Amino acid sequence: MSPVEPSQEFAGLVAVVTGGGAGIGLAVVEELVARGAHVAALDVDPSGAPEGVLAVPCDVRDRASVDAAIATVVSELGQLDVVVNNAGISAVGTVEDLSDDDWSRVLDVNVVGIARVSAAAMPYLRRSDAAAIVNTCSIAALVGLPQRTLYAASKGAVLALTFAMATDHVGEGIRVNCVAPGTVHTGFVDRMLATFPDPVKEKAAMDARQAIGRMVTPEEVAYAVAYLASPRAGSTTGTSLEVDGGATHL
Ligand code: NAI
């Protein structure tokens, strides 16, 4: 392949980012825009999406909302090439702490949400020459973390779902990968910290979990997502890319 300017990498392509209104999703939106994509941010609260991005209200828990949002993207932007399934919520606790409602709520967003958005996007992705799905997993799927039973189970399902979807759609030219971040300092982490009796001690533990001694930045995750989503990553499918400051293997 001839050298391609990073700024041109996504030229002519349309990307959807769920949870694109804040945190990691917002950083992904900005990275893809910087590389030339037309981007739609699908979020229950898309008000944080930057100017020039199509901000579409969407709740990934609701199939009708998802179908309507994908239809809006295609009617406004003409096509769909890249889906970043990033919307996700956290849960803290051991199996004894969590209710059936907690299990339903988190799995509905973190796992079934990916299936809903991907299913709605699939007919359009089949028409693209650069089709890619990137799911947001977590190192919680790969290593035991304290008090993350439900969250870890949801992200373990994301990992398995990624490999299964990659298998089902490889023959159609649709690549499916996931990114597995370590702890990333976003509103998600601040809200989780607030549930601990000693948030300062917990934050120090979260920093120390990464061998690099600090949390991962949203921009570092976005860079990895952009790689997996890029047409230049044509041989990369059915993989999980850790962006974890060494938390999993060091
Ligand atoms: P965040 O809470 O900062 O942002 C999440 C965004 O998703 C928000 O804009 C929110 O409105 C949106 N959202 C939530 N529920 C939604 C729904 N039902 N439908 C549509 N949008 C919805 O979270 P953050 O940290 O940016 O996390 C993004 C993803 O990264 C999640 O899947 C999370 O599990 C994952 N992750 C986060 C890590 C972290 O340490 N922050 C580490 C590993 C993975």
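All of the points below concern the structure found in this document. Remember, predicted model here, so these are calculated numbers, not experimental data.

Thresholds, definitions, all that
- Residues numbered from 1 in each chain as written.
- Predicted model: local features only at pLDDT ≥ 70, side-chain atom pairs only at ≥ 80, totals over all residues.
- Heavy atoms only, no water.
- Helix = DSSP H or I, 4+ residues; strand = E, 2+ residues; numbered from the N terminus.
- Expected span 1.5 Å × (residues − 1).
- Contact = heavy atoms within 4.5 Å.
- Axes fitted to C-alpha atoms, helices over the stretch in contact; angles between N-to-C directions.
- Parallel < 35°, antiparallel > 145°, perpendicular 65-115°, else oblique.
- Left-handed = near helix turned anticlockwise from the far one by under 90°.
- Nonpolar A, V, L, I, M, F, W, Y, C, P; charged D, E, K, R; others polar.

## What to know about the environment of Ala 119
Among the structural elements, Ala 119 can be located in helix 3 (residues 100–125). The spacing of Ala 119 and Gly 238 is 119 residues in sequence and 17 Å in space, taken between C-alpha atoms.

## Focus: helix 4 (residues 149–169)
An α-helical segment advances 3.6 residues per turn. Residues three or four places apart therefore align on the same side. Between its terminal C-alpha atoms helix 4 stretches 30 Å, which fits the 30 Å expected from 21 residues at 1.5 Å a residue. Where helix 4 is buried, its residues meet helix 3, strand 5 (132–136), strand 6 (175–181), helix 5 (187–193) and strand 7 (240–243).

## Some words on the packing of helix 3 against helix 4
In contact at an axis separation of 9 Å, helix 3 and helix 4 are set at 20 degrees when each is read in the N-to-C sense. Here helix 4 runs roughly parallel to helix 3, going by the angle between their axes. Viewed along their axes, helix 3 and helix 4 form a crossing whose handedness is right-handed. Contacts between helix 3 and helix 4 involve Asp 102, Trp 103, Val 106, Leu 107, Asn 110, Val 111, Ile 114, Ser 118 and Met 122 on the former and, on the latter, Thr 149, Leu 150, Tyr 151, Ala 153, Ser 154, Lys 155, Ala 157, Val 158, Leu 161, Met 165 and His 169. Residue composition of the contact of helix 3 with helix 4, grouped by class: 13 nonpolar, five polar and two charged.

Scope: geometric values only; no functional claims are made or implied.
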